[in-house]
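# Notes for the structure review
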Amino acid sequence: MKKYILICCSILLLTACSEPSITKQTECTINNEVDGIKVDGTYVLTYTDEYIDTVKFTEKYTVSEEYLIPTVEETFDALYKDLGELKYYDYNRKTEGLSVTSTVSIDYNRINIQELTKLNADLKKIIKDDKIEAKLLIESYESSGATCKEKN
C-alpha cells in the first residue's frame, strides 16, 4: 500500500511541476494587387507550445474583368480541392460578382500528415516530428508578403 501511495504522490508531483502548455494565436494578413487581381487574405494560426493545432484562412481575389473569374476559380481548385478530400481539411469556394473567396480549415492535430505531404510536398519543409512548426509556418506566410501578429 505504501508503494502505491508513493507512486501516486510521485506522479502527482511530476505532473504539478511540469510546465503548462501555452496555446497562442497568430493572425497573418496579406493585401496585394497583381496584374489587376486584388488579393486579401487572413490566416489564423492556433498553436500550443511550438506546434500548430489549427489553421483557418480566407483568401479573397477580386478581379477587374469578369473573364478572369474562371482562371481564379481554377487556381483555387488546383491548390486546395484535392487537399479538401482529406479528413480534417475543409475547403470551400464561393464566387460573388467579381470576387472569388476560398475558405480553408485544417486541424493539424487530427489530419494524417503523411497523406497531407503526399498532396503538398512543400509542407515537408515546416514539419518536425510529424507536426507543423508554428515558427516556420509564420515565417512562410511572412516571406509571401503577409504581416503576422500574435493575438494573445
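Residues numbered from 1 in each chain as written. Predicted model: local features only at pLDDT ≥ 70, side-chain atom pairs only at ≥ 80, totals over all residues. Heavy atoms only, no water.

## Looking at the environment of Glu-33
- Here Glu-33 lies in strand β1 (residues 23-34).
- A residue is classified by how much of its surface remains accessible, and Glu-33, at 54% relative accessible area, is exposed.
- Between the C-alpha atom of Glu-33 and that of Thr-62, which follows or precedes it by 29 residues, the distance is 9.2 Å. (Helix = DSSP H or I, 4+ residues; strand = E, 2+ residues; numbered from the N terminus. Buried < 20%, exposed > 50% of the residue type's maximum accessible area, 1.4 Å probe, protein only.)

## Re the layout of surface pockets
- There is about 830 Å³ of room inside the largest pocket.
- Lining the largest pocket are 29 residues, and of these Glu-59, Tyr-80, Asn-120, Ser-140 and Tyr-141 lie nearest its centre.
- Those elements that provide at least two residues to the lining of the largest pocket are β1, β2 (37-48), β3 (51-63), α2 (69-80) and α4 (134-143).
- Among the residues forming the lining of the largest pocket, the class breakdown is 22 nonpolar, four polar and three charged. (1 Å grid on protein atoms, 1.4 Å probe; cavity = no way out; pocket = protein on both sides within 12 Å on 5 of 7 lines; lining within 4 Å. Points joined across faces, edges and corners; volume = space filled by probe spheres on them. Nonpolar A, V, L, I, M, F, W, Y, C, P; charged D, E, K, R; others polar.)

## With respect to α4
- What α4 keeps buried is the set Ala-134, Leu-137, Ile-138 and Tyr-141. Down the axis of α4, the buried side of the element spans an arc of 100 degrees, and every buried residue falls inside it. In α4, those exposed residues whose orientation departs by more than 90 degrees from the buried face are Lys-135 and Ser-143.
- The inward-facing, buried residues of α4 abut β1, β2, β3, β7 (131-132) and β8 (147-150).
- Trailing α4 by a residue or two, Gly-145 shows a phi angle of about 105 degrees, which is positive. (Arc of directions from axis to C-beta. Contact = heavy atoms within 4.5 Å.)

## Looking at the pattern of salt bridges
- All chains considered together, the criterion is met by eight salt bridges.
- Here Arg-93 and Glu-73 are joined by a salt bridge, their closest N and O atoms 3.4 Å apart. Of this pair, Arg-93 sits in strand β4 (residues 89-96) while Glu-73 is found in helix α2, placing the two residues 20 residues apart along the sequence.
- When its relative accessible area of 34% is taken as the criterion, Arg-93 is described as partly exposed.
- One salt bridge in this structure joins Asp-122 and Lys-125, with 4.0 Å as the shortest N-O distance. Each of the two residues, Asp-122 as well as Lys-125, counts as exposed.
- Among the charged side chains, a salt-bridge network with shared partners connects Glu-73, Asp-77 and Arg-93. (Salt bridge = Lys/Arg side-chain N within 4 Å of Asp/Glu carboxyl O.)

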